[in-house]
Amino acid sequence: MAAVKLINVSKVYDGKNKVVHEVDLEINDKEFVVLVGPSGCGKSTTLRMIAGLEEISEGEIFIDGKLVNNVQSKDRDIAMVFQNYALYPHMTVFDNMAFGLKLRKFSKNEITERVNHAAKILDMEHLLDRKPKQLSGGQRQRVAVGRAIVRKPKVFLFDEPLSNLDAKLRVQMRAEITRLHQRLEATTIYVTHDQTEAMTMGDRIVVLKDGIVQQVDSPMNLYNRPANKFVAGFIGSPAINFIDGKIVKENGLAFISREKLISFQLSPDNSEKLIPYIGRDVTLGIRPEEFRIESKGGYKINVEVDLVEQLGSDVYLHFNLEGIPFIGRVKPTMDFRSRKEFELYFGSEMIHLFDSAEGKKIN
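Cut-offs and rules
- Residues numbered from 1 in each chain as written.
- Predicted model: local features only at pLDDT ≥ 70, side-chain atom pairs only at ≥ 80, totals over all residues.
- Heavy atoms only, no water.
- Core = buried A, V, L, I, M, F, W, Y, C linked by side-chain atoms within 4.5 Å.
- Buried < 20%, exposed > 50% of the residue type's maximum accessible area, 1.4 Å probe, protein only.
- Phe/Tyr/Trp six-rings, centres within 6.5 Å; stacked < 30°, edge-to-face > 60°.
- Lys NZ or Arg CZ within 6 Å of the ring centre and 35° of its normal.
- Helix = DSSP H or I, 4+ residues; strand = E, 2+ residues; numbered from the N terminus.
- Expected span 1.5 Å × (residues − 1).
- Contact = heavy atoms within 4.5 Å.
- Polar contact = N/O pair within 3.5 Å; in protein donor to acceptor, adjacent residues only side chain to side chain.
- Salt bridge = Lys/Arg side-chain N within 4 Å of Asp/Glu carboxyl O.
- Domains from an automatic or database assignment.
- Buried area = accessible area lost by both parts, 1.4 Å probe.
- Nonpolar A, V, L, I, M, F, W, Y, C, P; charged D, E, K, R; others polar.
- Axes fitted to C-alpha atoms, helices over the stretch in contact; angles between N-to-C directions.
- Parallel < 35°, antiparallel > 145°, perpendicular 65-115°, else oblique.
- Left-handed = near helix turned anticlockwise from the far one by under 90°.

Here we look at the nonpolar core
- In this structure, Met97, Met124 and Tyr190 are the most contacted members of the largest nonpolar core, which totals 46 residues.
- Core analysis: the second largest hydrophobic core is formed by 31 residues, Ile286, Val305, Phe342 and Phe346 among them.

Some points on the packing of aromatic side chains
- One pass over the structure, following the stated rule, counts 14 aromatic pairs.
- Taking the centre distance of 5.7 Å and the plane angle of 35° together, the rings of Phe319 and Phe326 count as tilted. Of the two residues examined, Phe319 and Phe326, each falls in the buried class.
- Through a chain of ring-to-ring contacts, the aromatic side chains of Phe255, Phe264, Phe291, Tyr299, Phe319, Phe326 and Phe346 assemble into a single cluster.
- Sitting over the face of the ring of Phe242, Lys229 holds its NZ or CZ atom 4.9 Å from the ring centroid.
- Its guanidinium or amino end placed over the ring of Tyr223, Arg287 lies 4.1 Å from that ring's centre, counting from NZ or CZ.

Focus on helix H5 (residues 167-184)
- Look at H5: 26 Å from first C-alpha to last across 18 residues, which is about the 26 Å you get at 1.5 Å a residue.
- Every buried residue of H5 is listed here: Leu169, Met173, Arg174, Ile177, Thr178, Leu180 and His181.
- Looking at the buried residues of H5, the elements they touch are strand E3 (32-36), helix H3 (108-121), helix H4 (137-149), strand E7 (155-159), strand E8 (187-192) and helix H6 (195-201).
- The N-cap of H5, judged by a side-chain oxygen 3.2 Å from the amide nitrogen of Lys168 a few residues on, is Asp166.

Side note on the pattern of salt bridges
- Here the structure, examined in full by the defined rule, presents 16 salt bridges.
- Residues Arg204 and Glu31 are paired through a salt bridge, measuring 2.6 Å at the closest nitrogen-oxygen approach. Of this pair, Arg204 sits in strand E9 (residues 204-209) while Glu31 sits in the loop between strand E2 (17-27) and E3; the two residues are 173 residues apart in sequence, bridging distant segments of the chain.
- Since its relative accessible area comes to 22%, Arg204 is described here as partly exposed.
- The buried category is assigned to Glu31, whose relative accessible area is 9%.
- A salt bridge links Asp281 to Lys246; the nearest nitrogen and oxygen atoms lie 2.7 Å apart. Taken together, the residues span a long stretch of sequence, with Asp281 in strand E14 (residues 281-286) and Lys246 in strand E11 (residues 241-249) at a distance of 35 residues.
- With relative accessibility at 37%, the residue Asp281 sits in the partly exposed group.
- Connected via shared salt-bridge partners are Lys11, Arg48 and Glu54.

Focus: the environment of Asp269
- Residue placement: Asp269 occurs in the loop between strand E13 (263-265) and helix H9 (271-274).
- Among the residues examined, Asp269 registers a relative accessible area of 72% and is labelled exposed.
- Measuring from C-alpha to C-alpha, the distance between Asp269 and Phe346 comes to 18 Å, with 77 residues separating the pair along the chain.

Brief notes about the domain arrangement of the protein chain
- Partitioning the protein chain into structural domains gives domain 1 (4-234) and domain 2 (241-355).
- Each of domain 1 and domain 2 was reduced to a C-alpha centroid, and the two centroids are 39 Å apart.
- Across the boundary between the two partners, domain 1 contributes seven residues, which contact seven residues of domain 2.
- The largest contributions to the domain 1 side of the interface with domain 2 come from Tyr223, Lys229 and Ala232, which together make up 70% of the buried area.
- At the junction of domain 1 and domain 2, the tally comes to zero salt bridges.
- At the level of secondary structure, the elements contributing two or more residues to the side of domain 1 that touches domain 2 comprise helix H7 (219-224) and helix H8 (229-234).
- Ranked by residue count, the leading element in the side of domain 1 that touches domain 2 is H8, at three residues.
- Here the residues of the side of domain 1 that touches domain 2 are counted per class, giving three nonpolar, three polar and one charged.

What about the packing of helix H2 (residues 93-103) against H3?
- Following both chains from N to C, one finds H2 and H3 inclined at 135°, their axes separated by 10 Å at the closest point. Between H2 and H3, the angle falls in the class oblique. Every pair of crossing elements has a handedness; the one defined by H2 and H3 is right-handed. Two secondary-structure elements touch here, H2 through Phe94, Met97, Ala98, Leu101 and Lys102 and H3 through Ile111, Thr112, Arg114, Val115, Asn116, Ala118 and Ala119.
- Residue classes in the contact of H2 with H3 are distributed as eight nonpolar, two polar and two charged.

Here's the deal with the environment of Gly297
- Within the secondary structure, Gly297 sits in the loop between E14 and strand E15 (299-310).
- Note on Gly297: relative accessible area 35%, which makes it partly exposed.
- The spatial distance from the C-alpha of Gly297 to the C-alpha of Gly347 is 7.3 Å, given a sequence separation of 50 residues.
- Each residue touching Gly297, except ones within four places of it in the same chain, is listed here: Arg292 and Tyr345.

Brief notes about the environment of Val171
- Tracing the sequence through the fold places Val171 in helix H5.
- Sequence spacing of Val171 and Lys43 is 128 residues, and the spatial spacing of their C-alpha atoms is 22 Å.

As structure tokens, then:
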């Protein structure tokens, strides 16, 4: 397998529409890296530049130490799995998987061996004689993955491969792709707009917005230490709650929301970083799971819940603070639908503070 390196890579359409901005990224050999972000953020364009399906406007791309800017896609030793599977409807599963090998003039024995090996890995040996129309969505996805496996490429590229599947099948297939990566130990770059896929599959995640890399980190570091407000808001489900306020000097440093419904002392550990923000607008982020029904110390807010969602292991409490929708995720310790008013508690350990003007994390 091979490492992939992007140096100052950009993509410009029509000489003026820049959709990818100076991406610097190093993907290690055997690593599983996920590119994630909202629609139109440039993640698929970046993947297609690595694949050689899009021309690079600026910068350099290296695969296994070799500059590939001017190398055709078929000569980059990569295999790509597309969103729409791109199977030939008139061919059997075997022939779909074997087609690329036939074009490369592999021997019949080698083709048969590779296809059977891939089919065994993907548990679809019984499907080799069927045609795509006889397969379910998940089975078609396996064929597309199998077609990539038989190539034995240096790098696997996945472009939103699960987006056409239903929710239950997506969960199953993302686990299968993760196991497949662990078994093959293949360098893999995976594009998705689904942050749950990114969090559960990636060794590292690249978060993009408007063609600009916001943060590259492990899933848990992205979750616990987001670089800015966008990353904090994009990673996590349900999404983090935000409320604006100021940092004031009051028995040390404190955060006070605009209408003073939330007010609490800030940890002295953050004082040095927060002193320059005294009197300035900041945004507080509290993840839904940080709220508690039991006190156990921390800070209290009184809320009126307008919607309760019971999910079995968790309960989502919807309420408003200063006109802003909030969600608290708590354990089903009582019948939450029998009342409206609650006291919720949260600790200061896992709160996030952001510069309101720039969006960057400040604590």
